[in-house]
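Here is what each chain is made of, one letter per residue.
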Amino acid sequence: MIKNVNHIGIAVNSIETALPFYTEALGLTFEAVEHVAEQRVRVAFINAGNCKLELLEPTSPDSPVAKFIEKRGEGIHHVALSVESIEDRIQEMIEKGIPMIDKKSRVGAGGANIAFMHPKASNGVLVEFCEKAAKQHDN
Ligand code: CMX
């Protein structure tokens, strides 16, 4: 079952440049930065109440986020939905004929298990299933 929107990923050229808008202008709370080496991206977590914002900064020109920015510019990169039993949810989507980029979950930011759907399933929006590691809270 889908529980809630866990976070919104926003592709940025530089976390350092982008962050003051969220923290100083909007007054949201910056939590931490994590390097997700496998996806060649730095992720800044911002607490926005029931949902987090994740600023995604590419760490290499061949990062998927670098390619996204090159093609479309900075902006909303993905919407992540909290799920339980992520492998079952992936299987359920496959059985419903929904194209999944990830047919098995992999580890994303914060140690969560994540899986992306192909954006053609969701009107051009990249949607992620996100199952938080047991030690973490939902948001
Ligand atoms: N929004 C909309 N469409 C997107 C997209 C995005 N953010 N990213 C890719 N696409 C589209 C591509 O244009 C492509 O469309 P076509 O098939 O029509 O050409 C399609 O989706 C597949 O994209 P691809 O780059 O060819 O496919 P890959 O399998 O190489 O990679 C993806 C897809 C989404 C996994 C990768 O581009 C990506 O963004 N990886 C995630 C990086 C990331 O955010 N990491 C941070 C951690 C995330 C977290 O923990 O929350």
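In every chain, residue numbers begin from 1 and rise along the written sequence. Given that the model is predicted, a residue must reach a pLDDT of at least 70 before its local features are reported, and side-chain atom pairs must reach 80 or more before they are shown or counted; all residues, however, enter totals for whole chains, interfaces and linings. Processing note: side-chain calculations cover all non-hydrogen atoms of the structure and skip hydrogens and water entirely.

Going by what an unreviewed UniProt entry lists, the protein chain is known as Methylmalonyl-CoA epimerase and is assigned to Sutcliffiella horikoshii. In its Sequence similarities (unreviewed entry) section, the UniProt entry covering the protein chain states "Belongs to the methylmalonyl-CoA epimerase family." UniProt positions are given in the numbering used here, feature names are shortened, and annotations may be inferred rather than shown by experiment.

Asks: Looking at this model, I keep getting lost on helix H3 (residues 86–95). Mind explaining?
Replies: Each full turn of the α-helix corresponds to 3.6 residues, which orients residues three or four apart in the same direction. Each residue's exposure class comes from its accessible area (1.4 Å probe, protein chains only) as a fraction of the maximum for that residue type: buried when under 20%, exposed when over 50%, partly exposed otherwise. Helix and strand definitions here come from DSSP, where helices need a minimum of 4 consecutive H or I residues and strands a minimum of 2 consecutive E residues; each element is numbered from the N-terminal end. Of the positions making up H3, those classed as buried are Ile86, Arg89, Ile90 and Met93. Relative to the axis of H3, the buried residues are bounded by an arc of 100° and lie together on one face. Two residues form a contact once any of their heavy atoms are found within 4.5 Å. Of the surrounding elements, those touching the buried residues of H3 are strand S5 (75–83), strand S7 (113–116) and strand S8 (127–131). Immediately beyond the C-terminal end of H3, within one or two residues, lies Gly97, with a positive phi of roughly 80°. To be clear, the arc concerns the directions from the helix axis to the C-beta atoms.

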